[in-house]
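Each chain, written out:
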Amino acid sequence: MQGHVKVSGAKNSALVIMAGTLLCSGDCHIRNVPLLADVERMGQVLSALGIRLTRNGDTLDINASEITTSKAPYELVTQLRASFFAIGPILARLGVAQMPLPGGCAIGARPVDLHVRGLQAMGAEVQIEHGICNAYVPGSSGRLKGAKIYLDSPSVGATETLMMAATLADGETIIENAAREPEVVDLANFCNAMGAKIQGAGTSTITIVGVPKLHSTEYNIIPDRIEAGTFLVAGAITRSEITLSSVCADHLFPVIAKLRDIGVRIIEEGSDCLRILPAESLKATDIETLPHPGFPTDMQAPFMALLTLAEGDSLINESVFENRLRHASELNRLGADIRVKGNAAFVRGVPMLSGAPVIGTDLRASAALVLAGLAAEGKTTFQGLHHLDRGYDRFDLKLQQLGARILRVSEASTNVELATSTNNSPASMTT
Ligand code: UD1
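Residues numbered from 1 in each chain as written. Predicted model: local features only at pLDDT ≥ 70, side-chain atom pairs only at ≥ 80, totals over all residues. Heavy atoms only, no water.

**Observations regarding the environment of E183**
Note that E183 resides in helix α7 (residues 182-193). Separated by 73 residues in sequence, E183 and I256 have C-alpha atoms that sit 18 Å apart. Once you skip the residues sitting within four places of it in the chain, E183 turns out to touch N12, S13, E160, I222 and R225. (Helix = DSSP H or I, 4+ residues; strand = E, 2+ residues; numbered from the N terminus. Contact = heavy atoms within 4.5 Å.)

Here it is in structure tokens:
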């Protein structure tokens, strides 16, 4: 493969910023919104709440001047965890919110206790009944109150829910042990562009002084660091030269550092461009996933794919989610040598992978299998396209543009076919 990839806007920023528009009674003009099934679903959640939204290319215009219901639809919230984060802005705007619990998912139980406890600290009454989280603010003002909140762990979603809720609360809120992810900073910048008073986003202590109202704004979403990281791994695993723009190299620091440990050469070109050069050899390394600025859990599966072809033994520890190593057995189908014990995976590098049918279990696991399929000898058939389409903006097309032989079998199907770069015949179509 060879060429240039245009990185899309960050999925996790786009989803939470869409929820954040519920705080504003005017127009929000959001640019650099990726084309993803999850974004579409989040749009459906907003529409169900009575919000008007229009998409024009990568721009979303959202007007939440009227929220017609405080109850979010069960079918949508259960499919998209980020939609639960809207409980913060709905409660802040209306003084009441009914949000179905997002439920568990393929990567772990993913509770929402930190969100709930934080809202309670801000004066909300919260009860969970029949799978619905019912929250309301007692008192005639209907306004949440500023509070000092300590998060037991630096949850991204809880930090975002509480930060949004606090923008319209009465008084000052301090969130201690807050998540420091770039998407939290992006949300804070967006809220501040609407007139919120948030300080300290990107550090462990965030201070929010509540204001009575937020106003219209225009906002550009940051580049998706996980999409960028995935394409860096695509370059590394296929020994290709790829340039990526626009990226924010600072957001990718732990990913770039690990790729360099593995022996991959990466050059920063200007402020928003990265070039990856074909590696001579790949070396084993150990990885532990951690909250930002540690190594991102969302890059764990793509790195596991890469390490299957590195010389030596690697140890991967998944510390953020309890069930996020299910791709290991699928990678083994492609000839990898991975043993899983609890939350650890021992990866013994093999000289080559060989194509096989594989099934994606979640979004990032699916990306990892596609990358492994690109490097494998022979044809890989991947099943689980709905996972990929949730979080990668036209992944197959971007890979095709780089010269990968990858074919979407049919829109209705959940299969993607891949041919390796070592096989000169194009992937055959089977539907
Ligand atoms: C977000 C990202 C997801 C990423 C994850 C960790 C979005 C839409 N998704 O998910 O892509 O993998 O951050 O970087 O932004 N936890 C609790 N109680 C809670 C909340 C979380 O115990 O109330 C636990 C979770 O089960 C998990 C850990 O905290 O083990 C981290 O989860 P969290 O940071 O909240 O992830 P999300 O915000 O769901």
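**Re the nonpolar core**
If you look at the biggest cluster of nonpolar residues, it comprises 78 residues, and the most contacted ones within it are L22, L144, M163 and F190. The contact partners of F190, leaving out residues within four places of it in the chain, are I17, G20, T21, C28, I30, T217 and Y219. Core analysis: the next-biggest nonpolar cluster, separate from the first, contains 69 residues, I256, L325, L371 and F382 among them. (Core = buried A, V, L, I, M, F, W, Y, C linked by side-chain atoms within 4.5 Å. Buried < 20%, exposed > 50% of the residue type's maximum accessible area, 1.4 Å probe, protein only.)

**Quick look at the site of the ligand**
The local shell around the ligand holds 18 residues, among which R81, D113, S155, D298 and V320 are the closest. Here an oxygen atom of the ligand sits 2.9 Å away from a polar atom, N or O, in the side chain of R110. Take D113: an N or O atom from its side chain is 2.7 Å from a nitrogen atom of the ligand. In isolation the ligand exposes 740 Å². Once the protein is present, 86% of that is buried. Counting residues per element, the ones that place at least two in the shell around the ligand are α5 (113-121) and α6 (156-167). Ranked by residue count, the leading element in the shell around the ligand is α5, at 3 residues. Residues of the shell around the ligand, tallied by class, amount to 8 nonpolar, 5 polar and 5 charged. (Near = heavy atom within 4 Å. Polar contact = N/O pair within 3.5 Å; in protein donor to acceptor, adjacent residues only side chain to side chain. Areas by Shrake-Rupley, 256 points an atom, 1.4 Å probe, with all protein chains shown as cover. Nonpolar A, V, L, I, M, F, W, Y, C, P; charged D, E, K, R; others polar.)

**Let's talk about the pairing of strand β2 (residues 27-31)**
Where burial is concerned, the two faces of β2 differ: the one with C28 and I30 is buried and the one with D27, H29 and R31 is not. Note: β2 against strand β4 (residues 59-63), 4 bridges, orientation antiparallel. If you follow D27 over to β4, its bridge partner there is N63. Taken together, the 4 bridges between β2 and strand β12 (residues 217-220) define a ladder with parallel strand orientation. Across the sheet, the residue bridging to R31 is N220, located in β12. (Pairing = 2+ DSSP bridges.)

**What to know about unusual backbone geometry**
With omega at -15°, the peptide bond leading from S245 into S246 counts as cis. With respect to the helices and strands, the residue S246 is situated in the loop between β13 (241-245) and α9 (253-262).

**Some thoughts on the domain arrangement of the protein**
Segmentation of the protein into domains returns domain 1 (10-210) and domain 2 (225-430). The C-alpha-based centres of domain 1 and domain 2 are spaced at 31 Å. Interface of domain 1 and domain 2: buried area, both sides summed, is about 1600 Å²; carbon and sulfur atoms make up 54% of it. Applying the counting criterion to the domain 1 and domain 2 interface returns 2 salt bridges. When the shortest N-O distance is used, the salt bridge between R225 and E183 registers 2.8 Å. For the side of domain 1 that touches domain 2, the secondary-structure elements that each account for two or more residues are α1 (11-20), α2 (37-48) and α7. At 3 residues, the largest contribution of residues to the side of domain 1 that touches domain 2 is made by α2. (Domains from an automatic or database assignment. Buried area = accessible area lost by both parts, 1.4 Å probe. Salt bridge = Lys/Arg side-chain N within 4 Å of Asp/Glu carboxyl O.)

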